[in-house]
Each structure stands twice: as C-alpha cells, then as structure tokens.
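The lines below spell out each chain.
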Amino acid sequence: MPLNSKIPKGPLESKWKDYKATCKLVNPANKRQLEIIIIGTGLAGASAAASLGELGYKVKTFCFQDSPRRAHSIAAQGGINAAKNYQNDGDSTYRLFYDTVKGGDYRAREGNVYRLAEVSANIIDQCVAQGVPFAREYGGLLSNRSFGGTQVQRTFYAAGQTGQQLLIGAYQALERQVSLGNVTQYSRHEMLEIVMVDGKARGVIVRNLVTGELERHFGHAVLLCSGGYGNVFYLSTNAMGSNVTAAWKAHKKGAFFGNPCFTQIHPTCIPVSGDHQSKLTLMSESLRNDGRIWVPKKQNDNRKANEIPEEERDYYLERRYPAFGNLVPRDVASRAAKERCDAGYGVGASKQAVYLDYASAIQRYGKIEANKKGMSNASAAEITAMGKDVVKEKYGNLFEMYEKITGENPYEIPMRIYPAVHYTMGGLWVDYELQTTIPGLYALGEANFSDHGANRLGASALMQGLADGYFVIPYTLGNYLADDIRTKSIPTDHPAFVAAEKEVQDRINRMMNIKGTESVESFHKRLGKIMWDKCGMARNEKGLKEAIVEIQALRKEFWSNVRIPGDINEFNPELDKANRVADFIELGELMCKDALNRNESCGGHFREEYQTEDGEAMRQDDLFTYVAAWEYKGESQFELHKEDLNYEIVHPTARSYK
C-alpha cells in the first residue's frame, strides 16, 4: 500500500498554519460525546490528556506505574530546545529545523521537523505559565546552554532535572482535568491489546497489574504515548519498566513500524561496571558544554588521570572536529569514543571509558568570579573554590549522582564515561497528523518513528513529546473525529472486545503453563547481548545474519523453557516482565532485519562496510533516502514499505562538524 504522509501543500513555513486554518473541527457539545484513550502519561501522554480534557473530550489515561509522575520522561536531564534566540546568537526557526534535519543525517521528514521547530517557542511559554522553574540569568531572563550538533545556545533547562520539572508541569495540568472530571486516570494498568472494529481502533484490553484482571475500555480513538524501546538491549539508560509492548501490539494489529534499527547511542553515560548491572546511568549531554573529553596519548596508559600531564592528553573531539569540538552530535561523539577505546586508548579498569574533565571549566569560572568580585590577587585555591561553586550551581545534582554511583568526586578527578543505548528514533510509522496506518490509532512522542531521522539531537526529546501533546494532536485528532460524531459508544460486550480479551488471556495462559527452568531476566540479558554485540554501535552483514538466527532460536527457547512463578490473578511482576520480554524478542529480530536491509552508515546506524577513509559514516542517498516502514505478516515475516523522503529545502550533503 502506498504510504501517504499527508504533508500539506504549500511553502514549508506555512504548511502548519494552513493546516490549522483548514482542518475540520468538532464543536464543544460533540466533544463531550467523544471518548479518547491515552496509553502512557509521560510528557506526550500527560500533555495530550491535559489538552484534550481542556477541550472537552472524555479522556481515559493508563500507565503501568503507580503514578503518572513516574513516567520515564522524569529522567531527562539536560534541557529542552526552542528557537527563541534569547542569546541573540543567530538562532531562528529555520536554524533549529536545519540543525535537526542535518543532525538526523537527512533521514527525517522536512514537514514534520519544521513544524516541531515552529511550535518549540510556544512550549517554553506554556511551561513557564505552568510554573516550571527554568534556570534564569542574573537579570531574570530565562537561561540557555549549548547542546551537541548546534552552534547556538537554545537549550532551556532546570539544573540537571529538566524532564522532572516539565513532567510535573504536565502532570499538574493533567490532574486539574482529573479533578474536573474530564480525565479518568488508571494507574497500575498495562495495555496488552488494541481492539479493532470495522478496521478502526476502537478500544484496548488492559491488565490491572494489582489484581491480574483483564479490562475492556472503549474509545473513539486511541493515542499511544508509551515511549521508546531501548530496553531491547537490556542495558540502557531507560527505566527497567520501559518496554515496547503497546507499540508492538499495535504493530501486530496492522500499524507499520518505522525505522526500527535507528537507535540512539548516548556518548556520556557511566560505563558498565560488571555483569550485576540491570541498567546504565546517563550523565547529561549538557556536561559537554563545559567538560572536555580526552584520552591519554599513550596506549594502555595505567596512570591516574591527574598524573597525566596536559601535553600527554588527546582531546580527540577538539582535534578531529574543531568547528564543534566537544559539542558534536551524539552519534559522532559516541563513535569517536568507541574508536579510541577499540584502538587501545581507553581508561579505567575496563578500558571501555574516556575522561570527561571539568578542571579547565572550574578554573575559567573561578577567574570570572574573581574578576566580578574585584579580587585581582585571588589565590589558586580561592579561584578553584569559586569555580567549583559555579559548576555546582549549574550541574550539581549530576555531579552528586556520579559520586554516589562511582564513589569518585568529579570536582577533583575527571568523570569516566562511555556510550550507551538511550533513545530510539524508530517507532510506529505516523503521518503528518500523527496517525498510524490503523485509522483512529495515533502515536505521539518517542513511540512514533519521530522527527529525528537517524540521530536525535540532544534536548529534542522533551521538545517533541510536548509539541505532539500540547500543540499538534488537539488539531489533528479533531480533523479525524469530526467524521465520527455520529458514532455512539460501542459497548464492551461487542464481539471484537470479547475476541481481543480472549487473545490476551490465551497468551497469558500459554506463558504460565510453560513452567520451564529459566528466568525471564536471563532471556532478556541474552537478547540484550546479541543486540548490543551485533546490532549496536557498529554492525555488519555477517553479524546481523547471525543475530537473526540467534534471536529466532532464543524465541523458541523462551516459549518452551521460561519459568514464571506466581499466579495469573494476582500482583505478578514476573508475568508482566515476561509479556514485555516476549515482545522485545520479536522486535529484536525486526531491528536486525531493518539494519541488514539498510546498506549504508547513517546517524547512529554504523554499518562497518560503509565508511569513509577516515572512519566517518557513509550514506547512500540514491538508495536509502526513505523511511523503512515494516508491516507484520506473521511470525518472523515482515514486509517492507518505503516512504520516500523528498528534500525541497535542505539538500542532503555529507555531514561535517569539522
């Protein structure tokens, strides 16, 4: 089937304005008759629920956590982008659009990305009005800092906990609608199936995670705001609960999956310390503003960082990419760190780490403070102390977190960092209206294949989640529901609901009756190792073909030998986890097939066979300037559909940050 992206006609800068001016509307009385289901209460879900509740729709929200406030959006640290040009440094809507398309290695849709840049400024105003405590300059204006892949300061932040503060803002807006009766919130409920009636999404089957009961819920439309699938790698910066189940169930019901192999590797994470770990910890990219990344110039140098003199340090990002230095995009920084470690220059016990050093930033800030205070004869100790105070104010909670986890004081010795799986640019394929290939089923935020191409620029995840929820879906959903106002609520004893619930129940029963010998966790770990080794930072044809065979064998073993203790009709986290891991195994196979199909290196997707002489990614624009949208056709069977990407404004060129 041809994929219709529904990008409006006309000049790029007026597409969204024209769409809003001409889309169909639902009058207030009719909105009260329409029911909407939202899965997930992170930034995308909470902002969508608050906005749609405010408009008058009857909304139900579901999250598997014990509170909407525990959504993984809370973990975002560094900031949120917006083209407000507060710094007067040349930023604009166009420049944010351009940086995002270039940062994504020319694998994103121009129309969507421009809209994202366009509404970014509104997000900041919305959040300030909600009381989000963004950092401010001395004079009271909102502060900005830099992020990778840009040469302007456009990132708004709240210390190193921006996601938490933005989520509290969205959560308060959501809870206001709950108290008004416009939104009903279901915590500890997990979506396990989409209900289809006459080819449209008309509801969901959810499991009450406390009692184990299955419930049926009707909606005129269903919005999936369920986040990304980075946990397919087992070790990632995602919360352990983050999973792909909602999106995967939709995929198996007919929603195409877009660019599944596009995974973001974040360059600044605390390195793996052993087999006991279940997750990794992110150190915000904002640290690259002031921190300098280096390795020793000598291979296998076992000296402590502070014992290595300046002239024996290789500040390799500054050396290789002088125009952007430590602020190259995430995929470039990650690959460069891996290359140095693979070449024998890594540091720490594992040798799988590089240094992120704040010594020069502390001195620079200390001297500025001394000047401000008129201390022309300030001692070295005084300068250092004042510099540490400035750094503490900007990044304090991140430094505390690092010290708690590693036992090392990053004010005194450099942090050790290494790349790790973070965000997923792939997700359910959606058109300009955020609708999947299933009518009435929408995907917002990280759950969709997104606006980020093959590599998301830092501080754009929060921007996309809130843009989709606050400013896009209220218009595009109305355009769909305007034709649905005569559809009455479908009773949940309808045969489609009965059949969907039976499907879920049968799968759970089958899983519980395996009574094997291996834990769910062991299968997840084994899957993660296959994915990281063969579909991670670097991939090749041989490894991907091996991975597909290994994952198929793992799936067979899972369904014959997994052990799930406890019962069905009770609180049973192992059963919940088994459901999610079964979906991850199927997704892992598709990711490897997508990676195998894409014979190019692009963004975070580095095929070893396709690189330039100096080791940079080599795209094949004549063959792969498209979104790979996969249709589920049965076990291990997927059909590829292509959405060609047409660049009218930004023409793909070799990315250079030198």
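Residues numbered from 1 in each chain as written. Predicted model: local features only at pLDDT ≥ 70, side-chain atom pairs only at ≥ 80, totals over all residues. Heavy atoms only, no water.

### Some words on helix H13 (residues 495-512)
Right, so step 1: Between its first and last C-alpha atoms H13 spans 26 Å; for 18 residues at 1.5 Å apiece the expected length is 26 Å, and the two agree.
Right, so step 2: For H13, every residue scored as buried is listed here: Ala-496, Phe-497, Ala-500, Glu-501, Val-504, Arg-507, Ile-508, Met-511 and Met-512. For H13, the arc enclosing every buried residue in end-on projection is 145°, short of the 170-degree limit, so these residues lie on one face. Across H13 from its buried face, at more than 90 degrees, point the exposed residues Pro-495, Lys-502 and Arg-510.
Right, so step 3: Contact partners of the buried residues in H13: strand E6 (189-197), strand E7 (200-208), strand E8 (214-218), helix H7 (245-252), helix H15 (541-561) and helix H16 (573-597). (Helix = DSSP H or I, 4+ residues; strand = E, 2+ residues; numbered from the N terminus. Expected span 1.5 Å × (residues − 1). Buried < 20%, exposed > 50% of the residue type's maximum accessible area, 1.4 Å probe, protein only. Arc of directions from axis to C-beta. Contact = heavy atoms within 4.5 Å.)

### A look at the sheet that holds strand E16 (residues 427-428)
Right, so step 1: On the basis of which strands lie adjacent, the open sheet formed by 4 strands has the order E16-E10-E18-E19 and antiparallel pairing. In this open sheet, the two strands that pair with only one neighbour each are E16 and strand E19 (637-644).
Right, so step 2: Where strand E10 (residues 257-258) and E16 come together, 2 bridges link them in antiparallel fashion. For Phe-257, the partnering residue across the bridge sits in E16 and is Leu-428.
Right, so step 3: Each of E10, E16, strand E18 (626-634) and E19 touches H7; the most contacted strand, E18, lies at about 70° to it. (Pairing = 2+ DSSP bridges. Axes fitted to C-alpha atoms, helices over the stretch in contact; angles between N-to-C directions.)

### Details of the packing of helix H4 (residues 93-103) against helix H5 (residues 110-130)
Right, so step 1: The N-to-C vectors of H4 and H5 enclose an angle of 135°; their axes lie 8 Å apart at closest approach. Comparing their axes, H5 and H4 come out oblique. In this structure, the crossing between H4 and H5 has a hand that is right-handed. From H4, Thr-93, Tyr-94, Leu-96, Phe-97, Thr-100 and Val-101 reach across to H5, where they touch Glu-110, Val-113, Tyr-114, Ala-117, Glu-118 and Ser-120.
Right, so step 2: Along the lines of polarity and charge, the residues of the contact of H4 with H5 split into 7 nonpolar, 3 polar and 2 charged. (Parallel < 35°, antiparallel > 145°, perpendicular 65-115°, else oblique. Left-handed = near helix turned anticlockwise from the far one by under 90°. Nonpolar A, V, L, I, M, F, W, Y, C, P; charged D, E, K, R; others polar.)

### Topic: the pairing of E6
Right, so step 1: Buried residues dominate E6, accounting for 8 of its 9 residues.
Right, so step 2: In this structure, E6 lies alongside E7, joined through 8 bridges in antiparallel fashion. When the sheet's bridge partners are listed, Met-196 is paired in E7 with Ala-201.
Right, so step 3: Here E6 folds back onto E7, and the loop between the two strands holds 2 residues, one of which, Asp-198, carries a positive phi near 50°.

### As for the nonpolar core
Right, so step 1: Membership of the largest hydrophobic core comes to 151 residues, with the highest contact counts inside it found for Ile-80, Leu-223, Leu-224 and Phe-558.
Right, so step 2: Discounting residues that sit within four places of it in the chain, Phe-558 has contacts with Met-511, Ile-514, Phe-523, Ala-578, Val-581, Ala-582 and Ile-585.
Right, so step 3: Membership of the second largest hydrophobic core comes to 33 residues, among which are Met-283, Tyr-321, Tyr-358 and Tyr-418. (Core = buried A, V, L, I, M, F, W, Y, C linked by side-chain atoms within 4.5 Å.)

### Regarding the sheet that holds strand E1 (residues 35-39)
Right, so step 1: Sheet architecture is open: 5 strands sit in the order E5-E2-E1-E9-E17, paired in parallel fashion. Looking at which strands have only one partner, the edges of the open sheet turn out to be strand E5 (183-186) and strand E17 (441-443). On average, each strand axis in the sheet is tilted by 20° relative to the strand beside it, whichever way the strands run.
Right, so step 2: As paired elements, strand E2 (residues 58-62) and E5 share 4 bridges and run parallel to each other. Following the sheet pairing, Val-59 is matched in E5 by Val-183.
Right, so step 3: Each of E1, E2, E5 and strand E9 (221-224) touches helix H3 (residues 43-55); the most contacted strand, E1, lies at about 165° to it.
Right, so step 4: Seen against the sheet, helix H12 (residues 461-481) touches E1, E9 and E17 and runs at an angle of roughly 150° to E9.

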